[in-house]
Amino acid sequence: MHYEVALCILTGDIVWINGPYECGVWVDIEIFRNVLLSELEPNKRVEADDGYIGEAPVYVKCPMSFTNHQETEYMQQRVQNNKRFKNWECLKVVWRYDIASHGSAFRCIAIIMQISINNREKLFECGY
């Protein structure tokens, strides 16, 4: 299963979760266009990987975008690289339980992660 997760660049807070989506049926940019794009405030963009380049530079800042400054690539890679979800063993292996419970498990993990963030366990350090 596939989920979309958005983090606040400034605070590291989890600000949006959507899914589950079947792998291979939905690609990231389609989910963005159908769900998250309408949630963006005017003149706001998201930082994402190059799977979203079709919406750059107006709605997405991604590494291959011509508007991406080389000096900001390191910070951008750190923001995109949210390994904490992958640290959970149940998300690394094939899900062997009722598929409906997968979404609940993912959201529980997100809640635990947000509690960690609230307790000052940073996902990443931000220079501003």
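In what follows, the structure referred to is the one given above.
Attention in this report is confined to the structure presented alongside it. Everything quoted here is computed from the prediction, not taken from an experiment.

A short note on helix H1 (residues 28-36)
For H1, every residue scored as buried is listed here: Asp28, Ile29, Ile31, Phe32 and Leu36. Taken down its axis, H1 places every buried residue within 155° of arc, on the same side.

What about the packing of aromatic side chains?
Following the criterion strictly, the structure yields 4 aromatic pairs and no others. Measuring from centroid to centroid gives 3.9 Å for Tyr3 and Phe106, while their planes differ by 0°, and the two rings are stacked. Separated by 103 residues along the polypeptide, Tyr3 in strand S1 (residues 2-7) and Phe106 in helix H4 (residues 100-118) bring together distant segments of the chain. Considered together, Tyr3 and Phe106 belong to a single accessibility category, that of buried residues. Taking 5.9 Å as the distance between ring centres and 90° as the angle between the ring planes, the aromatic pair formed by Phe32 and Tyr52 counts as edge-to-face. Of the two residues, Phe32 sits in helix H1 while Tyr52 sits in the loop between strand S3 (46-47) and strand S4 (60-61), which places them 20 residues apart along the sequence. Pair check on accessibility: Phe32 and Tyr52 agree, each one buried.

Thoughts on the pairing of strand S2 (residues 14-21)
Note: S1 against S2, 5 bridges, orientation antiparallel. Note that in S2 the partner of Val5 across the bridge is Ile17. Hairpin geometry of S1 and S2 is characterised by an intervening segment of 6 residues between the two adjacent antiparallel strands and by a positive phi of about 85° at Gly12.

Rules used in this analysis
- Residues numbered from 1 in each chain as written.
- Predicted model: local features only at pLDDT ≥ 70, side-chain atom pairs only at ≥ 80, totals over all residues.
- Heavy atoms only, no water.
- Buried < 20%, exposed > 50% of the residue type's maximum accessible area, 1.4 Å probe, protein only.
- Helix = DSSP H or I, 4+ residues; strand = E, 2+ residues; numbered from the N terminus.
- Arc of directions from axis to C-beta.
- Phe/Tyr/Trp six-rings, centres within 6.5 Å; stacked < 30°, edge-to-face > 60°.
- Pairing = 2+ DSSP bridges.

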